[in-house]
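Fold and contact review
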Amino acid sequence: MEQAIAVLDSGVGGLTVAKEVMRQLPREKIIYFGDSARAPYGPRSSQEVALFTEQIVDYLVQYNPKMIVIACNTATAAALNIIKAKLDVPVIGVIHPGARAAISTTKTGKIGVIGTIGTIISDAYSIALKEINPAIEVYSQACPAFVPLVEKGLSDSRQALKIVEESLVQMQGNPIDCLILGCTHYPFLKSKIKQVMGAKVTLISSADETAREISVVLHQKGQLASGDHIPVHQFFCSGDAELFKKIAISWLGDQIKITPVVWQVPECL
Ligand code: DGL
């Protein structure tokens, strides 16, 4: 049977990665889990986020995926190594791909990072960036108000612009030439973040580079999906399934118009 790529997040944020996987790898089937009932993960302890991530992975493993993508920076920082050590299939997070994309974009070596409290406290981006180039200067800031906005489906509201403006005052004062959207929910607010940060700052999301990494790993393992079939994606959501579906349909747009989709609520976690 066709093996899927399992993608997980605290809610709708991982859809920004799933969309790019669908675009770059249209033959691949995706099984997506959004833990909306327990979002946001950002303010939780890393132990709790690691526990939730393990529970979701245990749930997804019953579908025999060929790869696990932790499409959540907070969960990547808290649990990537734990999940990698537990499984035989490849496990990919979003922090290293995001760091690589920023390194290939910056001209000045001064990079901003915004993310959840958990991601910023973990210092995972700084570590990943400096591992590649120790001379990089990193300016980090948590934006805890962003995820609740996106989860409520309010990304396009006037309230969203006000919150983005207020949250980024400090970041605007930093001499950066690119800004990593270090939370997979933030691309939902990209146009507003761009408006506030201005044209001189390039926004980096991990989605493109993560999809590329998935492609490389599957190619190396000889596991890229082949044939003429159209994959049937499956979406699980632990919280308000209708709201999740509404946000997902509007975000994924064309990517799921031609692709059948199954919406499900998990039986248990
Ligand atoms: N998408 C998650 C991330 O990338 C959001 C975290 C949250 O639920 O606070 O960090």
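Residues numbered from 1 in each chain as written. Predicted model: local features only at pLDDT ≥ 70, side-chain atom pairs only at ≥ 80, totals over all residues. Heavy atoms only, no water.

Observations concerning the overall build of the protein
When helices and strands are tallied, the protein shows 13 helices and ten strands. For 269 residues, the compact-globule formula gives about 18 Å, and the C-alpha radius of gyration of the protein, at 17 Å, lands near that figure. Counting only C-alpha atoms, the protein reaches 50 × 40 × 35 Å along its principal axes. Excluding contacts between residues fewer than 6 apart, the proportion of contacts in the protein whose partners are at least 24 apart in sequence is 78%. About 11,700 Å² of surface is accessible on the protein, with carbon and sulfur atoms providing 53% of the total. Of the charged side chains in the protein, 25 are positive and 25 negative, and the gap between their average positions amounts to 5 Å. (Helix = DSSP H or I, 4+ residues; strand = E, 2+ residues; numbered from the N terminus. Rg over C-alpha atoms; globule rule 2.2 N^0.38 Å. Contact = heavy atoms within 4.5 Å. Areas by Shrake-Rupley, 256 points an atom, 1.4 Å probe, with all protein chains shown as cover. Lys, Arg positive; Asp, Glu negative; His and termini not counted. Charge placed at Lys NZ, Arg CZ, Asp CG, Glu CD.)

A short note on the site of the ligand
Neighbouring the ligand are 13 residues; S10, Y41, N73, T74 and T184 lie closest to it. T74 has a polar side-chain atom sitting 2.6 Å from an oxygen atom of the ligand. In isolation the ligand exposes 300 Å². Once the protein is present, 99% of that is buried. Classifying every residue of the shell around the ligand by side-chain character gives five nonpolar, seven polar and one charged. (Near = heavy atom within 4 Å. Polar contact = N/O pair within 3.5 Å; in protein donor to acceptor, adjacent residues only side chain to side chain. Nonpolar A, V, L, I, M, F, W, Y, C, P; charged D, E, K, R; others polar.)

Digging into the packing of aromatic side chains
In this description, an aromatic ring pair is defined by two values, namely the gap between the centres and the angle between the planes. Using the criterion set out here, one finds eleven aromatic pairs in the structure. With a centroid separation of 6.4 Å and an interplanar angle of 25°, the aromatic rings of F33 and F236 are classed as stacked. With a gap of 203 residues between them, F33 in strand β2 (residues 30–34) and F236 in strand β9 (residues 233–237) connect regions that are remote in the sequence. Ring centres of F146 and Y186 lie 5.0 Å apart, and the angle between their planes is 70°; on these two criteria the pair is classed as edge-to-face. Remark: Y186 occurs in the loop between β7 (178–181) and α10 (190–197) and F146 occurs in helix α7 (residues 146–151); sequence separation between them is 40 residues. (Phe/Tyr/Trp six-rings, centres within 6.5 Å; stacked < 30°, edge-to-face > 60°.)

Focus: the sheet that holds strand β6 (residues 137–142)
The strand order across the open sheet built from four strands is β6-β5-β7-β8, with neighbouring strands paired in parallel fashion. The outermost strands of the open sheet, each flanked by one partner alone, are β6 and β8 (202–204). Neighbour-to-neighbour, the strand axes of this sheet turn through a mean angle of 25°, independent of strand direction. Pairing between strand β5 (residues 110–115) and β7: four bridges, direction parallel. Counted as the bridge partner of I111 is C178 from β7. (Pairing = 2+ DSSP bridges. Axes fitted to C-alpha atoms, helices over the stretch in contact; angles between N-to-C directions.)

Structural notes on the environment of S167
Position of S167 among the secondary structure elements: in helix α8 (residues 158–167). With a relative accessible area of 17%, S167 lands in the buried category. Distance from S167 to P144, taken between C-alpha atoms, is 8.7 Å for residues 23 residues apart in sequence. If sequence neighbours within four positions are ignored, S167 has contacts with Q141, C143 and F146. A polar contact is formed between the side chain of S167 and the backbone oxygen of I163, at a distance of 2.7 Å. (Buried < 20%, exposed > 50% of the residue type's maximum accessible area, 1.4 Å probe, protein only.)

Description of the packing of helix α1 (residues 15–24) against helix α12 (residues 241–252)
Viewed as axis vectors pointing N to C, α1 and α12 meet at an angle of 40°, and their least axial separation amounts to 10 Å. Comparing the axis directions of α1 and α12 gives the class oblique. You can see that α1 and α12 cross each other, and the crossing is right-handed. For the pair formed by α1 and α12, the contact residues are L15, T16, K19 and M22 on the first element and F244, A248, W251 and L252 on the second. (Parallel < 35°, antiparallel > 145°, perpendicular 65-115°, else oblique. Left-handed = near helix turned anticlockwise from the far one by under 90°.)

Description of the state of the cysteines
All chains considered together, the criterion is met by zero disulfides. With no disulfide of its own, C143 has C183 as its nearest cysteine by sulfur position, at a separation of 9.3 Å. Residue classification places C143 among the buried positions, given a relative accessible area of 2%. C72 supplies the cysteine sulfur nearest to C237, a cysteine that is in no disulfide, at a spacing of 14 Å. (Disulfide = S-S within 2.5 Å.)

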